[in-house]
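Analysis of the macromolecular model
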Amino acid sequence: MKLVEPLTTELRTQNFENMVLFYEDELRALIKGRPVSELFNYSSKRVLKRLGILYFFHPGYIYKNRLRVSDKALALLDIVKK
């Protein structure tokens, strides 16, 4: 079973990278301020949260975008966080 763990890790990493590249346009639009509900449906948001591409951001109020792009996904998109 020791051979399975590195393969699983590599596949998860590749899956993360593929999903970020697939949703690149939507993620860039989310970074620029478009609402999450316009970009993703419920199941897509759920998958992206599970993979760690999106995460909940709690700014103290609940009527704004609460999902943000993770730092790891920003690094893949070559966006430097200011």
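Anything mentioned here points back to the structure above.
**With respect to the packing of aromatic side chains**
Per the counting criterion, the structure on display carries 2 aromatic pairs. Relative to Tyr-23, the ring of Phe-22 lies with its centre 5.0 Å away and its plane at 90°, an arrangement referred to as edge-to-face. Residue classification places Phe-22 among the exposed residues on the basis of a relative accessible area of 63%. Classification of Tyr-23 as buried rests on a relative accessible area of 16%. Between Tyr-23 and Phe-40, the ring centres sit 5.6 Å apart and the planes meet at 70°, which makes this aromatic pair edge-to-face. Placement of Tyr-23 in the loop between α1 (4-22) and α2 (24-32) and of Phe-40 in the loop between α3 (36-39) and α4 (42-51) is noted, with a sequence separation of 17 residues between them. By relative accessible area, which is 4% here, Phe-40 ends up buried.

About the cut-offs
- Residues numbered from 1 in each chain as written.
- Predicted model: local features only at pLDDT ≥ 70, side-chain atom pairs only at ≥ 80, totals over all residues.
- Heavy atoms only, no water.
- Phe/Tyr/Trp six-rings, centres within 6.5 Å; stacked < 30°, edge-to-face > 60°.
- Buried < 20%, exposed > 50% of the residue type's maximum accessible area, 1.4 Å probe, protein only.
- Helix = DSSP H or I, 4+ residues; strand = E, 2+ residues; numbered from the N terminus.

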